[in-house]
Amino acid sequence: MTLNKMLVAMLTSVTLVAGAAQAAELSIVSGDTGNGLEFLRGQLDKFEASTGHKVTIVPMPSSTTDQFGQYKLWLAAGNTDIDVYQTDVIWAPQLADQFLDLTDAAKDVVGQHFPSIIESQTVNGKLVALPAFTDAPALYYRKDLLEKYGKSVPKTWTELTATAKEVMDAERAAGNAEMWGFVFQGNAYEGLTCDALEWVKSYGGGQIVEADGSISINNPQAAKAIDLAASWIGTISPQGNLAYMEEESRGVWQLGNAVFHRNWPYAYSLGNGADSPIAGKFDVAPLPAGEGPDARSAATLGGWNVAVSKYSPDPEAAIQLALYLSSAEVQKERALNQSNLPTIQSLYDDADIAAKQPIIPSWKEIFQNAVPRPSAPTQVKYNEVSSLFWSAVHATLSGNGTAAQNLEGLEADLTDLKGSAW
Amino acid sequence: MTTETLASSTRVAAPKVKSELMQQRIRAARLFLIPMLVALAVVAGWPLLRSIYFSFTDASLSNLEAAQWVGFGNYLRWTVMESGAVRYRGLLVDPAWWNAVWNTVRFAFISVAFEAVLGMVVALVLNAEFKGRGIVRAAILIPWAIPTIVSARMWSWMLNDQFGILNDLGMRLGLLSQKVAWTATADTAMTAVLIVDIWKTTPFMALLILAGLQMIPKDIYEAAEIDGVHPVKQFFKITLPLVRPALMVAIIFRLLDALRIFDLIYVLTPNSSATKTMSVMARENLFDFDKFAYGSAMSTMLFTIIAVLTIVYIWLGQVRFDGGDR
């Protein structure tokens, strides 16, 4: 490292005191979708310029399930090649042993973040990861089409079903044969757990496993919600929806071939991108509510975090990078460019963000009321719980048994899995 | 080199008295084999033994050292409940596992059957003399040369329900009344996987069969032609019996490969019970779930099932092969 670079680094970085005495070579994994990789590279370039470290991105598949399997394997093998991991909000309890405790390193900045998010990344008093952004899905709708047919934004899933069908049929009759009513994430993977949890919770059907560890999924409201979703396949949603993850469903939506779309906020900025056929023609609303006593609009809590591997050969530099990626500066850039929801409270009052990505300030309340997946009560068994749940839902959506039958089986499987305690 | 050592060792087996020179050659041959045996033991033997060992423990991926011996618990265990009823648990009574076994075996048999027939057809065509045979031979190998992940991705785009070229062609030609979600629905997912696998591995089969075909002396056919034997009869009476050893080897290669199918299914179809195979399920348990030992038990069972099927195949093949002599 040249003296010149040292000077630049010293002048521009406050974190430098910790010690960028020599440049470190870091690696970070990324399963980013859309233009996420490009964005991350841009942020890392700034980091490199200010600290003199070098950061390599290791691209990963976008499916969080695929990523998890790989990371678990690497971490179990004590892999020293990856320094910083980007982790899904649900992974903290399962990977806690393999990451460094960031409590000390982050003690000055932890207060800026929403306490609930910090809590979700704290396992037995150890801060496993720092939040990079949070996520709560939206109902994307085509405002031009709803206006054209004089429809209002649906408040319940039943309304959505009816409106989607009507608009879809009318559009098809008008010659737009490719039009579909609603696309979502229906592949058998973690994303379906998110989507289905929303349906179930919105019908007052609980959240699969409750906070106290009791298994609540086998109930008539949950069955009703999933049966309704099953009725979409082949009617308002294409058969292929059974294999869609986020990006496939966004593909259909962003080509202008769907009236409604369920996705995370990242699809907002992409949908309004310069090359998007639907730019300016859509808007977002909270997901519809169900019907019944405890019906409400429910959004599954998502979000990504940065964690430092305990096998990193250069933990100090890696922690520096993690702090940088969760900093207000990067989160603001992320909000502006990627429409990812910040985890830093003050950014929701930021004028620049409100002007460029109006979804963000209005989403504060929604993510604060978002439903967590049962990763806390089920701990290391969460992945299997989730897999059993999405398999039961996928079977129902595929027409393989009714929701009531599949949920009964699911309850038995979950009880077996739980044993005496999670 | 291997063939030479093999040949020499078989040659020396016949005379009872071994000369000094022969013994020296045998020693040299053994010496040459050592590096390969060591490599095999390290990359295949040791991991296999570890998997088998872990399948008898309660190992967890995050802490392999703390694994405790649990005997056959991962395969079968039972608890007698208060009512006196017995509850069985474990891999051997896991319906999800047997569903995966069925998926795999069904896939293996259907795909290998198609590949054998199509591979034979392709090999016969390539064996004939025609202009540009070299180019055709090279071209036909392309599917085999593409890495499976790449071809799976490629096919998943071609099979895509909204943007896929297959649906587009089908609609334009009037073959399909509506777009089909090939990989998504349980009814068509396995068919889609089979199509891609057959497309990919038929060239491999054809190549092995072609090698067998070229070993058949041409004068047999000349003699048959002079005797006025119908070409179809020539095929069944001359070609098929003579190419059979090569065909049997090709089939067993493919069968072993097909029974551990992973990549194609993992990339192409949703992770549902309709297409989940033994390897997919073992991987899921080993890494995604906190069930390293159970996943190891699956790997061990996978190994056992493949071994048993191979032995049965070789045994059945030999029975028919030696049938006339007995």
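Residues numbered from 1 in each chain as written. Chains lettered and ligands numbered in written order. Predicted model: local features only at pLDDT ≥ 70, side-chain atom pairs only at ≥ 80, totals over all residues. Heavy atoms only, no water.

### Focus: the packing of helix 9 (residues 218-226) of chain B against helix 10 (residues 231-259) of chain B
Residues and elements named next belong to chain B.
Then, in step 1: At a minimum axis separation of 11 Å, helix 9 and helix 10 run at an interaxial angle of 165 degrees. Taken as axis vectors, helix 9 and helix 10 run roughly antiparallel relative to one another. Considering how the two elements wind past one another, helix 9 and helix 10 form a crossing that is right-handed. Counted together, Ile220, Tyr221, Ala224 and Glu225 of helix 9 and Gln234, Ile238, Thr239 and Leu242 of helix 10 form the full contact between these two elements. (Axes fitted to C-alpha atoms, helices over the stretch in contact; angles between N-to-C directions. Helix = DSSP H or I, 4+ residues; strand = E, 2+ residues; numbered from the N terminus. Parallel < 35°, antiparallel > 145°, perpendicular 65-115°, else oblique. Left-handed = near helix turned anticlockwise from the far one by under 90°. Contact = heavy atoms within 4.5 Å.)

### Section: the interface of chain A and chain B
Then, in step 1: With 30 residues of chain A in contact, the opposing surface of chain B contributes 23 residues.
Then, in step 2: In this assembly, chain A packs against chain B so that about 2200 Å² is buried in total across both faces, 53% of it on carbon and sulfur atoms.
Then, in step 3: A per-residue breakdown of the area chain A buries against chain B is headed by Lys72(A), Glu384(A) and Asp416(A), which together make up 20% of the total.
Then, in step 4: Applying the counting criterion to the chain A and chain B interface returns five salt bridges.
Then, in step 5: In this structure, Arg87(B) engages Asp416(A) in a salt bridge whose closest nitrogen and oxygen atoms are separated by 3.7 Å.
Then, in step 6: Across the chain A-chain B interface, the total number found is eight residue pairs in polar contact (both at pLDDT 80 or more).
Then, in step 7: Considering every element that reaches the side of chain A that touches chain B, the biggest residue donor is helix 3 (residues 64-76) of chain A, with seven residues.
Then, in step 8: A breakdown of the residues in the side of chain A that touches chain B according to their chemical character gives 13 nonpolar, 12 polar and five charged. (Buried area = accessible area lost by both parts, 1.4 Å probe. Salt bridge = Lys/Arg side-chain N within 4 Å of Asp/Glu carboxyl O. Polar contact = N/O pair within 3.5 Å; in protein donor to acceptor, adjacent residues only side chain to side chain. Nonpolar A, V, L, I, M, F, W, Y, C, P; charged D, E, K, R; others polar.)

### Quick notes on the nonpolar core
Then, in step 1: Ranked by size, the top nonpolar core spans 58 residues in total, and within it Leu91(B), Trp97(B), Phe107(B), Met205(B), Ile209(B), Ile251(B) and Met298(B) carry the most contacts.
Then, in step 2: For this core, the element with the most residues is helix 3 (residues 95-127) of chain B, which contributes 12 residues.
Then, in step 3: Those residues in contact with Met298(B) that sit more than four places away from it in its chain are Leu91(B), Trp97(B), Met281(B), Ala282(B) and Asn285(B).
Then, in step 4: With 54 residues, the next largest nonpolar core counts Ala164(A), Ala222(A), Ala392(A) and Leu407(A) among its residues. (Core = buried A, V, L, I, M, F, W, Y, C linked by side-chain atoms within 4.5 Å. Buried < 20%, exposed > 50% of the residue type's maximum accessible area, 1.4 Å probe, protein only.)

### Topic: the domain arrangement of chain A
Residues and elements named next belong to chain A.
Then, in step 1: Entries for chain A in the domain assignment read domain 1 (2-135 + 302-371) and domain 2 (138-300 + 374-418).
Then, in step 2: Taking the mean C-alpha position of each, domain 1 and domain 2 sit 29 Å from one another.
Then, in step 3: Taken together, the contact pairs 25 residues of domain 1 with 28 residues of domain 2.
Then, in step 4: For the pairing of domain 1 and domain 2, the buried interface totals around 2200 Å² over both sides, and the portion due to carbon and sulfur atoms is 65%. (Domains from an automatic or database assignment.)

### What about the environment of Asn218(A)?
Residue and element names in this part refer to chain A.
Then, in step 1: Positionally, Asn218 belongs in the loop between helix 8 (190-202) and helix 9 (220-232).
Then, in step 2: With a relative accessible area of 31%, Asn218 lands in the partly exposed category.
Then, in step 3: In this structure, the C-alpha to C-alpha distance between Asn218 and Leu407, residues 189 residues apart in sequence, is 5.2 Å.
Then, in step 4: The residues touching Asn218, leaving out its near neighbours within four places in the chain, are Ala404, Leu407, Glu408 and Glu411.
Then, in step 5: Of the polar contacts made by the side chain of Asn218, one reaches the side chain of Glu411; its length is 2.9 Å.

### Re the sheet that holds strand 9 (residues 258-263) of chain A
Residues and elements named next belong to chain A.
Then, in step 1: Spatial strand order, 8-9-7-10: four strands in an open sheet with mixed pairing. Two strands close off the open sheet at either side, each with one partner strand: strand 8 (180-183) and strand 10 (282-285). Neighbour-to-neighbour, the strand axes of this sheet turn through a mean angle of 15 degrees, independent of strand direction.
Then, in step 2: Of the pairings in the sheet, the one linking strand 7 (residues 138-142) to strand 10 comprises four bridges and is antiparallel in character. Counterpart to Arg142 in the pairing with strand 10 is Phe282. (Pairing = 2+ DSSP bridges.)

### Section: the layout of surface pockets
Any empty space left between atoms is shown by rolling a water-sized probe over those atoms.
Then, in step 1: Approximately 1100 Å³ is the volume found for the second largest pocket.
Then, in step 2: Considering the residues around the second largest pocket, the lining is formed by 49 residues, among which Asp66(A), Met245(A), Arg153(B), Tyr266(B) and Val267(B) are closest to the centre.
Then, in step 3: Residue composition of the lining of the second largest pocket, grouped by class: 24 nonpolar, 15 polar and 10 charged. (1 Å grid on protein atoms, 1.4 Å probe; cavity = no way out; pocket = protein on both sides within 12 Å on 5 of 7 lines; lining within 4 Å. Points joined across faces, edges and corners; volume = space filled by probe spheres on them.)

### What to know about empty space enclosed by the protein
Then, in step 1: Taken as a whole and judged by the stated rule, the model has four cavities of 30 Å³ or more.
Then, in step 2: Lining the largest cavity are 32 residues, with Thr33(A), Ser62(A), Phe133(A), Asp135(A) and Trp304(A) positioned closest to its centre.
Then, in step 3: Elements with a minimum of two residues in the lining of the largest cavity: helix 3, strand 3 (84-88), strand 6 (130-135), helix 8, helix 10 (246-254), helix 11 (266-271), strand 11 (302-308) and helix 13 (328-338) of chain A.
Then, in step 4: Tallied by class, the residues present in the lining of the largest cavity amount to eight nonpolar, 16 polar and eight charged.
Then, in step 5: In this structure, the lining of the largest cavity is formed jointly by two domains, domain 1 (2-135 + 302-371) and domain 2 (138-300 + 374-418) of chain A, each of which donates at least three residues.
Then, in step 6: There is about 90 Å³ of room inside the second largest cavity.
Then, in step 7: Forming the walls of the second largest cavity are Thr64(A), Thr65(A), Phe68(A), Ile90(A), Trp91(A), Glu190(A), Asn383(A), Ser386(A), Trp390(A), Asp288(B) and Phe289(B).
Then, in step 8: Contributing elements (two or more residues each) for the lining of the second largest cavity: helix 3 and helix 17 (382-397) of chain A.
Then, in step 9: Of the residues in the lining of the second largest cavity, the class split is five nonpolar, four polar and two charged.
Then, in step 10: Here the lining of the second largest cavity spans two domains, since at least three of its residues come from each of domain 1 (2-135 + 302-371) and domain 2 (138-300 + 374-418) of chain A.

### Examining the pairing of strand 7 of chain A
Residue and element names in this part refer to chain A.
Then, in step 1: In terms of residue burial, strand 7 counts as a mostly covered element, since five of its five residues are buried.
Then, in step 2: Of the two faces of strand 7, both are covered, the one formed by Ala138, Tyr140 and Arg142 as well as the one formed by Leu139 and Tyr141.
Then, in step 3: Note: strand 7 against strand 9, four bridges, orientation antiparallel. Bridge pairing in strand 9 places Tyr141 opposite Phe260.

### Brief notes about a nonpolar patch on the surface
Residue and element names in this part refer to chain B.
Then, in step 1: Residues Trp78, Val80, Val86, Tyr88, Leu92, Val93 and Trp98 make up a contiguous nonpolar surface patch of roughly 680 Å² in combined accessible area.
Then, in step 2: Here Val86 is to be found in strand 2 (residues 86-89).
Then, in step 3: When its relative accessible area of 40% is taken as the criterion, Val86 is described as partly exposed. (Patch = residues over 30% accessible without salt bridge, like charges linked within 9 Å, V, L, I, M, F, W, Y side chains within 5 Å. Areas by Shrake-Rupley, 256 points an atom, 1.4 Å probe, with all protein chains shown as cover.)

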